[in-house]
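# Structure at a glance
Spelled out, the chains give:
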Amino acid sequence: MFSTSFSRLFTLCSALASLSVGLAAPHARRAQVPSGPNSVLPPLDQIQGFNVVNLAFLLTSGPADQVAKWAALPADQRQQLKQQYNSAGVSLVVSAFGETEHPTSQDPTTVANSLAQFVLNTDLDGIDIDYEEFELVVQQPGVGEAWLTTLTQTLRQHLPQGQFILSHAPVGPWFQPTFCPGGCYITVDKNVGSLIDYYNIQFYNQSPSPGYEDCNTLLNSAGGSSIFEIQKNGVDVNKLVIGKPGTTADITNGGFIDPATLGTCIQQAVQGGWNAGVMAFQFPHADTNWLSAVKGSSFAA
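Chains are numbered independently. Their residues run from 1 in the order of the written sequence. Totals for whole chains, interfaces and linings use every residue, but because this is a predicted model, local features are given only for residues with pLDDT of at least 70 and side-chain atom pairs only at 80 or more, for both listing and counting. Only hydrogens and water are set aside when side-chain values are computed; all heavy atoms of the structure are taken into account.

## Description of the side chain of Lys 244
- Elements are defined by DSSP. Helices are runs of H or I of four residues or more, strands are runs of E of two residues or more, and each kind is numbered from the N terminus. On the secondary structure map, Lys 244 appears in strand β8 (residues 240-245).
- In this structure Lys 244 is buried but unpaired, with Glu 213 as the nearest side chain of opposite charge at 7.2 Å.
- Within the structure, the side chain of Lys 244 is placed 2.4 Å from the backbone oxygen of Tyr 212, a separation counted as a polar contact.
- Any pair of N or O atoms that falls within 3.5 Å is considered a polar contact. Within protein, one atom must be able to donate a hydrogen and the other to accept it, and sequence-neighbouring residues count only if both atoms are side-chain atoms. Here the side chain of Lys 244 touches Gly 255 through a polar contact of 2.5 Å, landing on its backbone oxygen.
- Among residues more than four places away in sequence, those in contact with Lys 244 are Phe 203, Tyr 204, Tyr 212, Leu 218, Gly 255, Ile 257, Leu 262, Met 279, Ala 280, Phe 281 and Trp 290. Buried, partly exposed and exposed residues are distinguished by accessible area as a fraction of the type maximum, computed with a 1.4 Å probe on protein chains only: under 20%, between the cut-offs, and over 50%, respectively. The charge count includes Lys and Arg as positive and Asp and Glu as negative, but it does not include His or the ends of the chains. When a carboxyl oxygen of Asp or Glu lies within 4 Å of a side-chain nitrogen of Lys or Arg, that pair is called a salt bridge. Only heavy atoms matter for contacts: two residues are in contact if any of them lie within 4.5 Å across the pair.

Set out below in structure tokens:
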């Protein structure tokens, strides 16, 4: 069971294989989970402090990459791993779609039914929706927003709130009111925000503007898509998880802030009333050391 309050989220995007994109970063480079008895999940001693691990990717055609490895484990081994990680305070979540797949041409109810059944069948704690139809949301106003609304509603019918995590991973500019004719995630949040636990916002690969490469554009002034501007746009500030790459190797188009400097941004955000948490793309570049630097003394635990 999960609390319906997800303040202080520390989410780790883990170990992609051959896909060109991870939870948040288009065209991200390959990463590998260290080999050993458990080559599917990051070792707990290397991710201490994180409380969610997102495994990529679940596609409409079925599981791929780390998710395929997870699904291929014997059921008893999956259940043992889930118990081990849950006991350590870590939830195991599957990431759906990514840059590789554009699912909007398919019926959202059918897709959601399939995704939810996978979560239930494979001993996972929830699902993160990484929807990346960048051209569609600009060229076909309202289509993507309606699709995501139905998808989210249907997922929640199968994955009850408080029992399963349901998050989304939009890029930062999709919260800017004028960016999409149909409103992008401003509209999605108005429609089904109450069903979404939090947003793993991709604050990178957006150079030269807004960039999100300093505390000001990340928190205060990015044309409507910084943390506190998104709050002014009507979104609960404590659902706005700050997503950042672990190293420059995890990005292709800017957005990296070194962990120590990012830690000062986090401190400023906490002082401004934000308490959502951080998301890192990706393990193994982002690990316990990365998180310790980013958290600093901003969070008690």
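Anyway, onward from the coordinates.
## Topic: the pairing of strand β2 (residues 52-59)
- Of all 8 residues in β2, 8 are buried; the element is thus mostly enclosed.
- Only strands that DSSP links by at least two bridges are regarded as paired with each other. Direction of pairing for β2 relative to strand β4 (residues 91-97): parallel, over a ladder of 6 bridges. Residue pairing for β4: Ala 56 is matched across the bridge by Ser 95.
- Pairing analysis gives 2 bridges linking β2 to strand β3 (residues 62-63), with the strands arranged antiparallel. By the bridge assignment for β3, Leu 59 is matched with Gly 62.
- Connecting β2 to the antiparallel partner β3 that follows it, the hairpin turn spans 2 residues.

## Things to note about empty space enclosed by the protein
- The way it works is a 1 Å grid over only the protein atoms, where trapped points that fit a 1.4 Å probe form a cavity and open points with protein on both sides within 12 Å along at least five of seven lines form a pocket, and then any residue with an atom within 4 Å of a point lines it. Grid points are joined across faces, edges and corners, and a volume is the space filled by probe spheres set on the points. The final tally for this structure, using the stated rule, is 1 cavity of 30 Å³ or more.
- Size it by volume and the largest cavity reaches roughly 30 Å³.
- If you go around the largest cavity, the residues you meet are Tyr 131, Val 137, Gly 144, Glu 145, Leu 148, Trp 174, Cys 184 and Tyr 185.
- Breaking the lining of the largest cavity down by element, the ones donating at least two residues are α5 (143-158) and α6 (184-192).
- The element contributing the most residues to the lining of the largest cavity is α5, with 3 residues.
- All residues other than Ala, Val, Leu, Ile, Met, Phe, Trp, Tyr, Cys, Pro, Asp, Glu, Lys and Arg, Gly among them, are scored as polar; the first ten of these are nonpolar and the last four charged. In terms of residue class, the lining of the largest cavity is built from 6 nonpolar, 1 polar and 1 charged.

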